[in-house]
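Secondary and tertiary structure notes
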Amino acid sequence: MKVTIEVNGSEVSDEVEDRTLLVHFIRDNAGLTATNVGCDTTSCGACTVLLDGESVKSCTILAAQADGHAVTTLEGLSGEGELHPVQRAFRDQHGLQCGFCTPGMIMASVSLLAHNPKPTREEVRHGLEGNLCRCTGYHNIVNAVVDASGQEVGR
Amino acid sequence: MIPARFTYLRAASVDEAVAMLGQYGDEAKVLAGGHSLLPLMKLRLAAPGVLVDITPLDGLRQVRQEGGDIVIGALSRFHDLHGDPVLAEHAPLLAHVAGEVGDQQVRHRGTIGGSLVHADPAADLSAAVLACDGALVVSGPQGRREIPAAEFFLGPFTTPLEPDELLTEIRVPARAGTGWGFEKFRRRAIDWAIVGVAVTGTSVSLINMAGTPVRATATERALAEGASLADAAALAAEGTSPVEEPHASTEYRRHLARVLTARALERAAG
Ligand SMILES: Cc1cc2nc3c(=O)[nH]c(=O)nc-3n(C[C@H](O)[C@H](O)[C@H](O)COP(=O)(O)OP(=O)(O)OC[C@H]3O[C@@H](n4cnc5c(N)ncnc54)[C@H](O)[C@@H]3O)c2cc1C
Ligand code: FES
Ligand code: FES
């Protein structure tokens, strides 16, 4: 079927199999590879993108279901040469080690902050339950989200 | 992992969805949030030939009050329900439980209708709707019918829904001001409940204590007869048939049911 998705503000249109998953459309058809496939079973959150502004796991959505909708990936967050505040906070707070989970963590954090601009540490942990970090750097990830929200990073 | 090949159809109305389901019969499956169905298809545990996507039916994604009832569209997502002011006032148990399902991303996609029809004995909202004395409104080729929640869950992953029927609404009596409590015990944040308890007023239902969500009838009877919360909670596992699993024996589950029921009843009374 023909699928047209607005990816990071530009329309991407392609003929794909009905069973194509959104994550594969993003990586293979739109050519954007920040979005990772980790577990492929809806557990790890590495594939998290925003669909119509809300964080979703793109390994568990059909490209067909996003037809006519808007997707934002990590590549779509930053402006020209400018990091998004959440990206900057992940860098400043050492919120990543190998970096594999990072695109998904950042997209989930952006969605979390959109609903709760000043989260407590506990709320950050609850909001990021759907994202796993194999390097287990959760403490600094929480620091990064608190920092991005403009709050003092307690320890 | 990629699902086996299927034909994707998108329904523009309830009638069209029912017609499509009627045309393909057993071969077709409804696709809502896809957060139970697509994982099964990726693991090739399910391989429907046709998917009928109902996500465009925005009319089924609302909560409204109708007389003494709160009517919840089957396509309302967990995240919608968690933040819904009508639900928060009139069925606060459901609003709370919707915020406890899965994780943030799952709550942005999964629907109450999909969760109920999937009929997993570990599902949170099934037990909560059962505690609320809810009813499920279904549309099929013969029109609408209403099935009480108590008659909807027939066994693990089994409901009385026909292949050409669509769940459109869930109705629960409005109960503003009623105390409620919800407890679920799990090993890790994203796990399903090993055991859970949903309480509204003096109605108590249990998650994962049988092949379906069940009411804790002995506890409810004791409460009606004026027993203390602690004495009533001690009866929570009576008549249940929890499964034995490597990480949770039946006796452990019975223990959890009693402890969690005591906590949920106290929360509801407090
Ligand atoms: C990581 C993860 C964690 C989870 N954690 C929990 C948890 O803690 N607690 C919990 O309760 N659940 C949990 N779930 C389960 C899950 O969120 C729901 O079961 C799921 O969202 C079902 O709703 P859906 O809209 O996604 O349904 P789908 O997957 O689209 O459909 C599920 C089934 O229902 C049928 N169906 C859907 N809608 C209708 C309708 N309106 N009429 C007729 N048939 C219909 C489909 O054909 C299919 O058989 C979790 C899921 C994931 C992926
Ligand atoms: S790859 Fe999608 S959740 Fe892990
Ligand atoms: S930084 Fe390595 S998986 Fe998170």
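That block above? That's the structure.
Below is a short write-up of the structure.

Reading the values: rules and limits
Residues numbered from 1 in each chain as written. Chains lettered and ligands numbered in written order. Predicted model: local features only at pLDDT ≥ 70, side-chain atom pairs only at ≥ 80, totals over all residues. Heavy atoms only, no water. Buried < 20%, exposed > 50% of the residue type's maximum accessible area, 1.4 Å probe, protein only. Helix = DSSP H or I, 4+ residues; strand = E, 2+ residues; numbered from the N terminus. Arc of directions from axis to C-beta. Contact = heavy atoms within 4.5 Å. Pairing = 2+ DSSP bridges. Axes fitted to C-alpha atoms, helices over the stretch in contact; angles between N-to-C directions. Patch = residues over 30% accessible without salt bridge, like charges linked within 9 Å, V, L, I, M, F, W, Y side chains within 5 Å. Areas by Shrake-Rupley, 256 points an atom, 1.4 Å probe, with all protein chains shown as cover. Salt bridge = Lys/Arg side-chain N within 4 Å of Asp/Glu carboxyl O. Near = heavy atom within 4 Å. Polar contact = N/O pair within 3.5 Å; in protein donor to acceptor, adjacent residues only side chain to side chain. Buried area = accessible area lost by both parts, 1.4 Å probe.

This brings us to helix α2 (residues 85–92) of chain A. Residue and element names in this part refer to chain A. Residues Val-86, Gln-87, Ala-89 and Phe-90 constitute the buried set of α2. Buried residues of α2 fall within an arc of 165° about the axis and therefore sit on the same side. Tucked inside the fold, the buried residues of α2 contact α3 (102–115) and α5 (138–148). Positive backbone phi, approximately 55°, marks His-94, located one or two places after α2.

The subject of this paragraph is the sheet that holds strand β5 (residues 70–72) of chain A. Residue and element names in this part refer to chain A. Across the sheet, which stays open at both edges, the five strands sit in the order β2-β1-β5-β3-β4 with mixed pairing between neighbours. With partners counted over all chains shown, the strands left at the sheet margins are β2 (10–15) and β4 (54–57), one partner each. Taken pair by pair, the neighbouring strands of this sheet meet at an average axis angle of 40°, ignoring direction. The pairing of strand β1 (residues 2–7) with β2 spans six bridges and is classified as antiparallel. Residue pairing across strands places Glu-6 opposite Glu-11, the latter belonging to β2. Each of β1, β2, β3 (48–51) and β5 is contacted by helix α1 (residues 22–29), which is oriented at about 100° to β2, the strand it contacts most. Running over the sheet, α3 touches β3, β4 and β5 and is turned about 40° from β3.

Now for a nonpolar patch on the surface. All names here are of chain B. The grouping of Met-1, Leu-43 and Leu-45 at the surface amounts to a nonpolar patch, some 300 Å² of accessible area in total. Along the chain, Leu-43 falls in the loop between α2 (37–42) and β3 (50–53). Given the relative accessible area of 47%, Leu-43 is considered partly exposed.

This next bit is on the site of ligand 1. Near ligand 1, the surroundings consist of 29 residues, among which Val30(B), Gly34(B), His35(B), Ser36(B) and Thr111(B) are the closest. Those residues lying near ligand 1 are distributed over chains A and B. Within the side chain of Lys29(B), an N or O atom sits 3.3 Å from an oxygen atom of ligand 1. Notes on ligand 1: free accessible area 970 Å², of which the protein chains cover 95%. Of all the secondary structure elements, the ones that give two or more residues to the shell around ligand 1 are β2 (28–31), α7 (112–118) and β8 (166–173) of chain B.

Each side of the interface is counted separately: chain A has 33 residues, and chain B has 32 residues. Between chain A and chain B, a total of about 2,600 Å² is buried, with carbon and sulfur atoms accounting for 53% of that surface. It is Arg19(A), Gln65(A) and Glu129(A) in chain A that bury the most area against chain B; as a group they hold 26% of the surface buried on that side. In this structure, the connection of chain A to chain B is made through four salt bridges. Here Arg5(B) makes a salt bridge to Glu17(A), at a shortest N to O gap of 3.1 Å. If you list the elements that add at least two residues to the side of chain A that touches chain B, you get β3, β4, α3 and α4 (121–127) of chain A.

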